[in-house]
Amino acid sequence: TRRHLRFDSGATAPQRFAWPSRPPVPLCLLSSWSGTDAPYRHASQRVGDSMARYEKVPTGERESAVGVVVTFDSEDETDDEEDDYDMPMLAPGGSGSPSVIEESKEAPVARKPEIGKLRYTPNTGRGRNRHVVYAERDVASRVVTTLRKPRVISLIETQGDWLLVRCGAREGWTKRYDPSGADVLLPTNNWYRYEEWNGNNRFWCRGRLILGAHWRTTLCTTSLVWVPTLIFWSATLPLFPASVGWGLAIPSVVFFLATNYGLWRAATMDPGIIPRDDSGIPRDPPPGVAEAEAQEAGSSGYRYCDTCNLWRPPRAKHCSSCNNCVEEFDHHCPWVGTCIGKRNYLYFLIFVCSVTLLSAYVMLVCLVRLATDARGRKGPNGLAKFVQALIYRPGTSLLFCFLFLILWSLIGLSGYHIYLVSVATTTNEMVKNVYSSRRNTNDRGCVENWAHKCLNQIPTSMLPPMHELCMRSSFGDMDDAAGDVSTAGIQKGPARGH
């Protein structure tokens with residue numbers, strides 16, 4: 001439950017907000033930073049079994065006005081980072097222990113219709129590639145969001161050099177030109193749907209492939225698979241007789257193909273992203289959720305995400321790296337570069353198991369080759385002969401040492417995820433110890449859990465076709481009822497759909 005509350009240092013808060021019976025403790029200041037003319041602060045306080053987060057913003061030169069925004073989260077939500085940045089902010093409150101004076105729900109505010117689309121193209125030639133959107137027509141006002149990558153945003157209004165734009169659910173004012181004077185916001189009449197994406201994902205093939213926020217590490221992981229395998233094929237297998245070498249190459253080819261298939265399928269598909277609601281109007285909880293939460297907090301499993309403006313279902317979580325809510329969120333994998341969730345977990349499991357088998361097989365073949373060479377060497381003992389073989393075969397020796405170091409981590413990772421599938425839980429749930437005090441209703445037994453994970457059809461993506469081409473008949477085409485909005489300050493540019 002999220003509400004706007006006014007606080008002073010007097011009475012205690014209503015029990016329906018799960019406020020503890022003991023006296024409130026002072027707030028713990030997490031961070032403070034200076035804006036252009038006034039400091040902004042954010043604080044967090046544990047309240048019983050919940051976490052209360054507070055944000056305060058000074059208005060003008062006075063900070064005596066009272067008002068703080070509070071979000072109560074359950075125990076297993078205290079590590080979500082999305083609520084720290086997108087809560088509406090009121091006037092600041094004074095110091096001291098909080099207590100409720102007045103309560104008011106957020107009233108939906110009608111938003112102005114858009115009058116066109118603008119394509120943001122960063123000026124890569126100079127300075128940092130970012131464009132700031134402010135809350136007011138003043139560079140000293142609060143920053144609403146920052147444009148860092150090429151994308152398409154909505155134009156709402158123009159006033160002189162200032163443009164009122166909408167980026168997802170956020171609205172603010174920005175200028176058409178960047179500090180260097182480059183024209184970075186131009187009107188467009190056609191664009192692909194993925195160009196309006198508000199997450200941190202990267203799209204390839206005009207929106208047909210969706211990668212995570214750390215897509216570059218996917219390329220690094222690919223190189224870590226390809227380079228040792230190519231060394232094995234070129235430096236180790238030729239040391240065997242031709243008939244033996246071809247036979248040893250077949251398993252390595254199978255494991256190599258399975259590893260690349262699992263890696264790139266997991267990295268380039270939708271992991272189970274829940275589409276966010278950019279209307280700006282807080283959503284009502286699903287039927288039955290409010291009643292269940294009123295009886296016992298956290299019993300329904302649903303959680304409200306302020307960033308995505310939706311009630312995410314049980315086992316879903318907001319990934320702070322990709323900035324999306326993901327169904328059955330397992331973890332954000334830095335090696336795959338994306339979130340691992342409901343739709344791509346099977347391919348991630350294929351990748352982990354295949355790369356483990358590939359590493360073990362290649363290391364075993366290298367060991368056999370080195371042991372064979374060591375038997376033909378002269379030395380006081382077997383260890384000295386093996387060292388001579390390592391020196392004589394540098395390519396095979398380096399490959400063997402590299403795989404010997406990483407194989408133990410791969411075996412542990414594979415075994416861990418095999419265990420998770422066997423007990424029908426996720427990494428996120430295991431880290432939070434969710435099922436320490438209650439039964440895991442998803443556990444159907446080891447055999448049925450594996451059948452459910454491997455044999456069930458992958459759910460259909462909830463995202464719309466991101467490669468779909470969107471078009472406007474003309475930039476200035478709008479209803480007269482939309483208001484007297486002038487676009488004289490915007491020059492019509494050519495359509496630049498990819």
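Quick note: structure is the one above.
Read on for a plain summary of the structure.

What follows concerns the packing of helix α4 (residues 345-375) against helix α5 (residues 382-392). Running from N to C, α4 and α5 cross one another at 115°; their axes reach a closest spacing of 8 Å. As for how α4 packs across α5, the hand of that crossing is right-handed. On α5, the residues that touch Leu367, Leu370, Ala371, Asp373 and Ala374 of α4 are Lys385, Phe386, Ala389 and Leu390.

The subject of this paragraph is the packing of aromatic side chains. All told, the structure shown has 14 aromatic pairs when counted by the stated rule. Aromatic pair Trp233 and Phe256: ring centres 5.3 Å apart, planes at 70°, arrangement edge-to-face. You can see Trp233 sitting in helix α1 (residues 215-236) and its partner Phe256 sitting in helix α2 (residues 242-267), a full 23 residues away along the chain. Given the relative accessible area of 26%, Trp233 is considered partly exposed. With relative accessibility at 6%, the residue Phe256 sits in the buried group. Taken together, a centroid distance of 6.2 Å and an interplanar angle of 50° make the contact between Tyr345 and Phe348 tilted.

The antiparallel open sheet is built from three strands, whose spatial order is β17-β21-β20. Of all strands in the sheet, those with a lone pairing partner are β17 (273-274) and β20 (317-319), marking the two edges. Relative to strand β21 (residues 324-326), β17 runs antiparallel, the two being bridged by two bridges. Residue Ile273 lies in a different strand from β21, and its bridge partner there is Val326.

So, on to the pairing of strand β10 (residues 151-159). Counting buried positions along β10 gives eight out of nine residues, so the element sits mostly inside the fold. In this sheet, β10 lies alongside strand β7 (residues 116-120) in antiparallel orientation, the contact comprising five bridges. Among the inter-strand pairings, Tyr120 is bridged to a residue of β10, identified as Arg151. Judged from the five bridges that link them, β10 and strand β11 (residues 162-167) form a sheet pairing that is antiparallel. Bridge assignment links Gln159 to a residue of β11, and that residue is Trp162. Following β10, the chain reverses through two residues before pairing antiparallel with β11; Gly160 in that reversal takes a positive phi of roughly 65°.

Calculation criteria
- Residues numbered from 1 in each chain as written.
- Predicted model: local features only at pLDDT ≥ 70, side-chain atom pairs only at ≥ 80, totals over all residues.
- Heavy atoms only, no water.
- Axes fitted to C-alpha atoms, helices over the stretch in contact; angles between N-to-C directions.
- Helix = DSSP H or I, 4+ residues; strand = E, 2+ residues; numbered from the N terminus.
- Left-handed = near helix turned anticlockwise from the far one by under 90°.
- Contact = heavy atoms within 4.5 Å.
- Phe/Tyr/Trp six-rings, centres within 6.5 Å; stacked < 30°, edge-to-face > 60°.
- Buried < 20%, exposed > 50% of the residue type's maximum accessible area, 1.4 Å probe, protein only.
- Pairing = 2+ DSSP bridges.

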